[in-house]
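Examining the three-dimensional arrangement
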Amino acid sequence: MTINRRNFLYGAAALPAAAALVPATAKQASASAPKAGQQVPGVYRFTVGDAEVTALLDGHIDLGTQLISGYDADKAATAMAQNIQSTVNDAVRIPVNGYLVNTGDRLTLIDAGTAQLMGPTLGNLGAGLAAAGVKPADIDTVLLTHMHPDHSGGLVDAEGNAVFENAELAVAKAEWDFWYDDAILAGVPEGNQPFFHMARNTTSPYSNRLKMIEGEAEVAPGFSSLPLPGHTPGHTGFMLNSGVSSLLFWGDIIHMTGLQFAHPDWTIAYDMDPAQTADTRHKMMDRAAADNLLVTGAHIDFPGLGRVHREGDAYRYQAAPWQYAL
């Protein structure tokens, strides 16, 4: 039956009066039950063509506004009024997402979260996988957008052993070469050296099942790579093509949903080449808007799925509607 005003009113009138009223004898249930005090695992499934994609929330990071190059409080307030962004004191709260793709015969994980490397508000991707009914040993391939610890940390356990015991690790050769270059490590400030050690410690257990990516190439059945340098030298996006549908996993093109679509030239302290980062962002968002691409990213508000629209000299993000059935 089509729901319209007439049918709705007719159906409401036909309801027994008791159905619309709380009985006088009803009691308040569980009024003294303790609150859980913690969030449930962040898991959301949707489909792209014949593929089933599961978004996995690893947790969140509070990014201090002093780390945002070009930040202007008045411009930020205007942007946030149009594109909601969670803020805590002088920090912008951003999520960390990973994605599992089931093509029917293979399970591919895009980025692995942080595990124990970045504090108590993170490290939940493994719990999300468990809630989705997937064991680490089930994963066939891990596609790594880059080797920052909020993407590679979950590759290993607390003892440094590979979590995904059967998975091939695919990462851009330019990314691997950068983080494993001893001359570069020796030349960076001491405070930045832990990032190199974390990158190496989380990926080296996979060195005997490593796939190096160069340029645009097929990296796994249904997936092709897209170089997106700037944030890191080998920062890479992955395009899933399934049937007539596609989805771009674009890694860290955006860190702050509420700010960087409106102000695409704003970069953060962790962008290794800020000018190249902004240039890559403009090119990628121009393409996403022109081609009406469905995109998702590691730091777009969970579940991080939507489309990009041009808005003057900037852009606007439109979150995709919730899929109620797969």
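An unreviewed UniProt entry annotates the protein chain as MBL fold metallo-hydrolase originating from Parasedimentitalea denitrificans. A UniProt comment under Sequence similarities (unreviewed entry) is attached to the protein chain, and it reads "Belongs to the metallo-beta-lactamase superfamily."

1. Observations concerning the overall build of the protein chain
Along the protein chain, the regular secondary structure elements total 9 helices and 17 strands. Here the protein chain holds 326 residues, and 44% of them are scored as buried. Contacts in the protein chain between residues far apart in sequence, at least 24 positions, make up 68% of those at least 6 positions apart. Summing over all exposed atoms, the protein chain offers an accessible surface of approximately 16300 Å²; the carbon and sulfur share of this is 52%.

2. Points about the packing of aromatic side chains
Using the criterion set out here, one finds 12 aromatic pairs in the structure. A centroid spacing of 5.0 Å and a plane angle of 85 degrees characterise the contact between F178 and W179, whose relative ring orientation is edge-to-face. Judged by relative accessible area, which is 1%, W179 ranks as buried.

3. Overview of the nonpolar core
Of all hydrophobic cores here, the largest spans 26 residues; its most connected members are L100, L109, I139, V142, L155 and F164. For this core, the elements supplying multiple residues, two or more each, are β6 (107-110), α3 (125-131), β8 (168-172), α5 (173-179) and α7 (193-203). The greatest single-element share of this core, amounting to 3 residues, is contributed by α5. In this structure V142 touches L109, L155, F164, A167, E168, L169 and A170, once residues within four positions along its chain are discounted. Ranked by size, the runner-up nonpolar core spans 21 residues in total, among them V48, V53, Y99 and L143.

4. Describing unusual backbone geometry
The omega torsion of the bond from F302 to P303 falls at 5 degrees, within 30 degrees of zero and hence cis. Relative to the helices and strands, P303 resides in the loop between β15 (295-296) and β16 (305-311).

5. Some points on the sheet that holds strand β10 (residues 218-220)
Read from one edge of the open sheet, 7 strands run β10-β11-β12-β13-β15-β16-β17, paired in mixed fashion. With partners counted over all chains shown, the strands left at the sheet margins are β10 and β17 (314-319), one partner each. The pairing of strand β12 (residues 236-242) with strand β13 (residues 245-249) spans 5 bridges and is antiparallel. Note that in β13 the partner of L240 across the bridge is L247. Running at roughly 100 degrees to β16, helix α9 (residues 274-290) makes contact with β11 (223-227), β12, β13, β15, β16 and β17 of the sheet.

6. What to know about α9
The end-to-end C-alpha separation of α9 is 24 Å, in line with the 24 Å expected for 17 residues at 1.5 Å each. Within α9 the residues assigned to the buried category are T277, A278, T280, R281, M284, M285 and A288. End-on, the buried residues of α9 take up no more than an arc of 165 degrees, which puts them together on one face. Turned more than 90 degrees away from the buried face of α9 sit A275, K283 and A290, all of them exposed.

7. A look at the pairing of β13
Here β12 folds back onto β13, and the loop between the two strands holds 2 residues, one of which, G243, carries a positive phi near 60 degrees. Where β13 and β15 come together, 2 bridges link them in parallel fashion. Among the inter-strand pairings, L248 is bridged to a residue of β15, identified as V295.

Cut-offs used in this document
- Residues numbered from 1 in each chain as written.
- Predicted model: local features only at pLDDT ≥ 70, side-chain atom pairs only at ≥ 80, totals over all residues.
- Heavy atoms only, no water.
- UniProt positions renumbered as here; feature names shortened; annotations may be inferred.
- Helix = DSSP H or I, 4+ residues; strand = E, 2+ residues; numbered from the N terminus.
- Buried < 20%, exposed > 50% of the residue type's maximum accessible area, 1.4 Å probe, protein only.
- Contact = heavy atoms within 4.5 Å.
- Areas by Shrake-Rupley, 256 points an atom, 1.4 Å probe, with all protein chains shown as cover.
- Phe/Tyr/Trp six-rings, centres within 6.5 Å; stacked < 30°, edge-to-face > 60°.
- Core = buried A, V, L, I, M, F, W, Y, C linked by side-chain atoms within 4.5 Å.
- Pairing = 2+ DSSP bridges.
- Axes fitted to C-alpha atoms, helices over the stretch in contact; angles between N-to-C directions.
- Expected span 1.5 Å × (residues − 1).
- Arc of directions from axis to C-beta.

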